[in-house]
2 protein chains.
Amino acid sequence: MDLYTLIRDIKDFPTEGILFRDITPLLQDSNGLKESIDSIAEVLQDVDFDLIVGPESRGFIFGVPTAYKMNKGFVPVRKPGKLPFEHISQTYDLEYGTSTIEIHIDAVQKGQKVVIVDDLLATGGTTKAIVDVIEKLGGEVVKIVYLIELEGLKGRDVLQGYNISSLLKY
Amino acid sequence: MDLYTLIRDIKDFPTEGILFRDITPLLQDSNGLKESIDSIAEVLQDVDFDLIVGPESRGFIFGVPTAYKMNKGFVPVRKPGKLPFEHISQTYDLEYGTSTIEIHIDAVQKGQKVVIVDDLLATGGTTKAIVDVIEKLGGEVVKIVYLIELEGLKGRDVLQGYNISSLLKY
C-alpha cells in the first residue's frame, strides 16, 4: 500500500505559501491507519525502550496506538494549562513568537528509555523541546519516529545525535 | 485489573471546586493502556459500524487505538482553525461562554454508521455538538463510548436516544 496516496496536499494552509500535508484521508482509511501504525512499530521492533512520548494533538494520533500495539505506556506532552499534576515546561522559538510545552514530573523515571512519536518533522523545534524536558527528568531519548518529514526544513540539524526515522519524506 | 486505581484525583483543577480525574497514570501504565483500549473494543464487538470519530485532544487518545485494533478508519473532530480542508462547524454553550468544533465535509459519508469515542462524559455538550455535525453530514451515530462518566452531571440527559457506554463511573 502506498501511504503517499492517502496524504492530501492543501495549498496556502495555515498561511499563504505553505503547502500543508493533510493526514486526515490516511486516518479515515482503515488500511491506511493500520499500515501507518504497523510501519512505525516495525521501525521500533529492535529498539529497546520503556515508553512512548507524544505531543498534543497529532502526536497522540500515532503515539498511542503504537504504544498500545507494542504494549508500552504512553506519556502526553501538552500545551500550557492542560496537565493537572505538577509539571515542567519548555519554551521554544517559532518563526514568529514562541510556544511552550509541558510534561508531568512523574511521567518519565530516571534512566528510562524513551521513544518520541509525532506526525511531522518540520523545523524540529517542538521535538527539541520535548527532548529537553525528557532529559531534564532523567530519561534517555533512544529513538524519534515521524510519519512525515519535510526534508527541506532541515529539522534533523537541530536534533543531531538522535536516532531519527520517518515513513514519508517530502 | 482495576482501572480505577490508575485514575488520579486532582483537587481544584482546572478551577476551584472541581475534582479532576487525571488519566495520565493509566496511559503511562502499559497494562492500563492496553486494558482500557481492549475494554472499549469489547463494548463495540457486536456493534455494526464503519468508523470512529473522536474529538481533539483526549478523544484521539482512546479513539485512534480502538479504530486501529478494530481495523476501522478514524475521523478527528478538531478545535477551530486546525482542519485544512473544507469543513462544517458547530458552536455549543459552556458554563461560561461557548466553544466550537469542526469536522471535514468528506469525513463521513451519507449512511455511514459512526461510533464516537471520548475520554469523558461530563455535561454532554461536546458530544452533542459532535453528534450534530455527524448527522448534518448524513452519518448515523450508532454508539458512544467513554472511558469515564461523571454521572452527577447528567450528560446522558442531553444525549437521549443514543446508545451510550462508559467504563468507569463516578
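Residues numbered from 1 in each chain as written. Chains lettered and ligands numbered in written order. Predicted model: local features only at pLDDT ≥ 70, side-chain atom pairs only at ≥ 80, totals over all residues. Heavy atoms only, no water.

J.: I'd like a description of the nonpolar core, backed by residues and values.
T.: Ranked by internal contacts, the top residues of the largest apolar core, which has 53 residues, are A:F62 and B:F62. Sequence-distant contacts of A:F62, that is, excluding residues within four places in its chain, are made with A:I23, A:L26, A:L27, A:S36, A:I37, A:I40, A:V117, A:D119 and A:L147. (Core = buried A, V, L, I, M, F, W, Y, C linked by side-chain atoms within 4.5 Å. Buried < 20%, exposed > 50% of the residue type's maximum accessible area, 1.4 Å probe, protein only. Contact = heavy atoms within 4.5 Å.)

J.: Give me the confidence of the model for chain A: which residues, what numbers.
T.: Detail in the predicted coordinates should be disregarded across regions flagged by low pLDDT. For chain A, per-residue confidence averages 97 on the pLDDT scale, and 100% of positions sit at 70 or higher. For this predicted complex, the interface confidence reaches an ipTM of 0.97, while the overall pTM sits at 0.98. (pLDDT = per-residue confidence, 0-100.)

J.: With reference to specific residues and values, describe the packing of helix α2 (residues 30-44) of chain B against helix α3 (residues 58-69) of chain B.
T.: All names here are of chain B. Contact pair α2 / α3: the axes reach a minimum separation of 9 Å and the direction vectors enclose 65°. Crossing hand, α2 versus α3: right-handed. Contacts from S36, I37, D38, I40, A41 and L44 in α2 reach I61, F62, P65, T66 and K69 in α3. Residues that form the contact of α2 with α3 fall into these classes: seven nonpolar, two polar and two charged. (Axes fitted to C-alpha atoms, helices over the stretch in contact; angles between N-to-C directions. Helix = DSSP H or I, 4+ residues; strand = E, 2+ residues; numbered from the N terminus. Left-handed = near helix turned anticlockwise from the far one by under 90°. Nonpolar A, V, L, I, M, F, W, Y, C, P; charged D, E, K, R; others polar.)

J.: Which residues make up helix α3 (residues 58-70) of chain A, and what are the values?
T.: All names here are of chain A. Over its 13 residues, α3 runs 19 Å from end to end, which matches the ideal 18 Å to within 8%, given 1.5 Å per residue. Most of α3 is tucked away: ten of the 13 residues are buried. What α3 keeps buried is the set G59, F60, I61, F62, G63, V64, P65, T66, A67 and Y68. (Expected span 1.5 Å × (residues − 1).)

J.: Run through the relation of the copies chain B and chain A, naming residues and quoting values.
T.: Mapping chain B onto chain A leaves a residual RMSD of 0.0 Å; the transformation is a rotation of 180° accompanied by 0.0 Å of translation along its axis. In short, the pair behaves as if placed about a two-fold rotation axis. Residues of chain B ranked by C-alpha distance from the rotation axis are headed by B:P65, positioned 2.2 Å from it. Looking at the interface residues of chain B, 100% of them are also at the interface in chain A, so both copies use one shared face. (Least-squares fit on C-alpha atoms with pLDDT ≥ 70 in both.)

J.: Account for the interface of chain B and chain A, with residues named and values stated.
T.: Listed per partner, the contact involves 42 residues of chain B and 42 residues of chain A. Across the contact surface, chain B and chain A share two salt bridges. A:R8 is the salt-bridge partner of B:D106, the closest N and O atoms lying 2.8 Å from each other. One can count 19 residue pairs in polar contact (both at pLDDT 80 or more) joining chain B with chain A. For the side of chain B that touches chain A, the element with the highest residue contribution is α3(B), accounting for eight residues. For the side of chain B that touches chain A, the per-class residue count stands at 19 nonpolar, ten polar and 13 charged. (Salt bridge = Lys/Arg side-chain N within 4 Å of Asp/Glu carboxyl O. Polar contact = N/O pair within 3.5 Å; in protein donor to acceptor, adjacent residues only side chain to side chain.)

J.: Run through the packing of α3(A) against α3(B), naming residues and quoting values.
T.: Interaxial distance between α3(A) and α3(B) falls to 8 Å at its minimum, and their mutual angle equals 55°. By the angle class used here, α3(A) and α3(B) are oblique. The way α3(A) lies across α3(B) gives a crossing that is right-handed. Seen from α3(A), the contacting residues are A:F60, A:I61, A:V64, A:P65, A:Y68 and A:K69; seen from α3(B), they are B:F60, B:I61, B:V64, B:P65, B:Y68 and B:K69. When grouped by side-chain class, the residues that make up the contact of α3(A) with α3(B) number ten nonpolar, no polar and two charged. (Parallel < 35°, antiparallel > 145°, perpendicular 65-115°, else oblique.)

J.: Describe the pairing of strand β4 (residues 73-77) of chain A, listing the residues and the values that go with them.
T.: Residue and element names in this part refer to chain A. Across the five residues of β4, five count as buried, placing the element largely inside the fold. Residues G73, V75 and V77 point to one face of β4 and F74 and P76 to the other, with burial holding for every one of them. Following the backbone out of strand β3 (residues 51-55), through α3 and into the adjacent parallel β4, one traces a crossover that is right-handed. (Right-handed = clockwise from strand over helix to strand, strands pointing away.)

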